[in-house]
Amino acid sequence: MSRVGILLAGGASRRFGSPKAFATINGQYAYERVYATLQAITDHVVIVTREELINKFPNHYDVITDATDFKGNGPLAGIWTAMTEHLASEYIVAPCDMPLLRVSLYRMLQSTEENAPVIYAQYEGRGHPLVSIWQSRTKVEIERQLEMNDFRVFAFVEKVKGKAVDIHSSDAFQLTNMNTPEDLERMITDD
Ligand SMILES: Nc1nc2c(ncn2[C@@H]2O[C@H](COP(=O)(O)OP(=O)(O)OP(=O)(O)O)[C@@H](O)[C@H]2O)c(=O)[nH]1
């Protein structure tokens, strides 16, 4: 089975004020940390970003931008773009703004028996559809939704009856994201 990691780094980072992918946590860029996690559990990792950032990533990374037809419309378009550029049986998805994600959390998702189209993390009833595993068969359905100008990730995951996996409280810290500079400050203190 071939697995491709999709690192989502194409957001506007409006609340953060500068590109979140390049926020520094203890000497490492946020995206580098997430990349390392995806690299450990996949055959290849692709970073999906926006035009303005593409040259900021070193050349040895595989970096693409959202498909022209859907760009600027959120992460679902990014997931679909990566699926079109890289054929695989399954895709492991992670956002660049959760730099505490570790392999152990994805292993938990992978150990789910179900052959659900999307398997995603959930903690205290809140789903995290960008911390997830997507089967390749979802590509056609994503495209159908995007073509209807519906860019909502969670709506998609619910529509295809994605499987939520409850994360143990001891792993919940991994789902911490940085929407604001204050979130990053807290993360550095806790890391
Ligand atoms: N490829 C791609 N990734 C996206 C897009 N929008 C958001 N993301 C990524 O999805 C993850 C979660 O996004 P948000 O929390 O909404 O981040 P954001 O849009 O950068 O932040 P705000 O502008 O403050 O809402 C982050 O890793 C983003 O980089 C997009 O249009 N394309």
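The notes below deal with the structure included here. Worth saying up front: this structure is predicted, and the values here are computed from it rather than measured. (Residues numbered from 1 in each chain as written. Predicted model: local features only at pLDDT ≥ 70, side-chain atom pairs only at ≥ 80, totals over all residues. Heavy atoms only, no water.)

1. Examining the overall build of the protein chain
In terms of regular secondary structure, the protein chain is built from six helices and nine strands. For 191 residues, the compact-globule formula gives about 16 Å, and the C-alpha radius of gyration of the protein chain, at 15 Å, lands near that figure. Expressed as lengths along the three principal axes of its C-alpha atoms, the size of the protein chain is roughly 40 × 40 × 30 Å. Of the accessible surface of the protein chain, which amounts to about 9,400 Å², a share of 46% is contributed by carbon and sulfur atoms. Of the side-chain charges in the protein chain, 19 are positive and 25 negative, and the distance between the mean point of each set is 2 Å. (Helix = DSSP H or I, 4+ residues; strand = E, 2+ residues; numbered from the N terminus. Rg over C-alpha atoms; globule rule 2.2 N^0.38 Å. Areas by Shrake-Rupley, 256 points an atom, 1.4 Å probe, with all protein chains shown as cover. Lys, Arg positive; Asp, Glu negative; His and termini not counted. Charge placed at Lys NZ, Arg CZ, Asp CG, Glu CD.)

2. A word on the site of the ligand
By nearness alone, 20 residues border the ligand, and L8, S13, R14, R15 and D66 come closest of all. Here an oxygen atom of the ligand and a backbone polar atom of L8 are 2.9 Å apart. R14 has a polar backbone atom sitting 2.7 Å from an oxygen atom of the ligand. Burial of the ligand by the protein amounts to 85% of the accessible area it has alone, namely 610 Å². Counting atoms within 2 Å of the grid points, the majority share of the ligand lands in the largest pocket. Mapped onto the shell around the ligand, the elements with two or more residues apiece are β1 (3-9) and α2 (75-85). Tallied by class, the residues present in the shell around the ligand amount to eight nonpolar, seven polar and five charged. (Near = heavy atom within 4 Å. Polar contact = N/O pair within 3.5 Å; in protein donor to acceptor, adjacent residues only side chain to side chain. 1 Å grid on protein atoms, 1.4 Å probe; cavity = no way out; pocket = protein on both sides within 12 Å on 5 of 7 lines; lining within 4 Å. Sits in = over half its atoms within 2 Å of the grid points. Nonpolar A, V, L, I, M, F, W, Y, C, P; charged D, E, K, R; others polar.)

3. Digging into the sheet that holds strand β5 (residues 62-65)
Taken in spatial order, the seven strands of this open sheet run β5-β4-β1-β6-β8-β7-β9, and their pairing is mixed. Each edge of the sheet is formed by a strand with only one pairing partner; in this case those strands are β5 and β9 (163-166). Direction aside, neighbouring strands of the sheet carry axes that sit 30 degrees apart on average. Pairing between β1 and strand β4 (residues 44-49): six bridges, direction parallel. By the bridge assignment for β4, V4 is matched with H44. Against the sheet, helix α1 (residues 30-41) makes contact with β1, β4 and β6 (90-95), and its axis sits at roughly 170 degrees relative to β1, the strand it touches most. (Pairing = 2+ DSSP bridges. Axes fitted to C-alpha atoms, helices over the stretch in contact; angles between N-to-C directions. Contact = heavy atoms within 4.5 Å.)

4. Quick word on the packing of aromatic side chains
Each aromatic ring pair is characterised by the separation of its centres together with the angle its planes make. A full pass over the atoms with the stated rule returns 10 aromatic pairs. Each ring, one from Y120 and one from F154, has its centre 5.8 Å from the other, and the planes form 85 degrees; the classification is edge-to-face. Highlighted residues: Y120 in strand β7 (residues 118-123) and F154 in helix α5 (residues 153-159), separated in sequence by 34 residues. Under the relative-accessibility criterion, Y120 is labelled buried at 7%. Between K56 and the ring centre of F22, over which it is positioned, the NZ or CZ distance is 4.6 Å. (Phe/Tyr/Trp six-rings, centres within 6.5 Å; stacked < 30°, edge-to-face > 60°. Buried < 20%, exposed > 50% of the residue type's maximum accessible area, 1.4 Å probe, protein only. Lys NZ or Arg CZ within 6 Å of the ring centre and 35° of its normal.)

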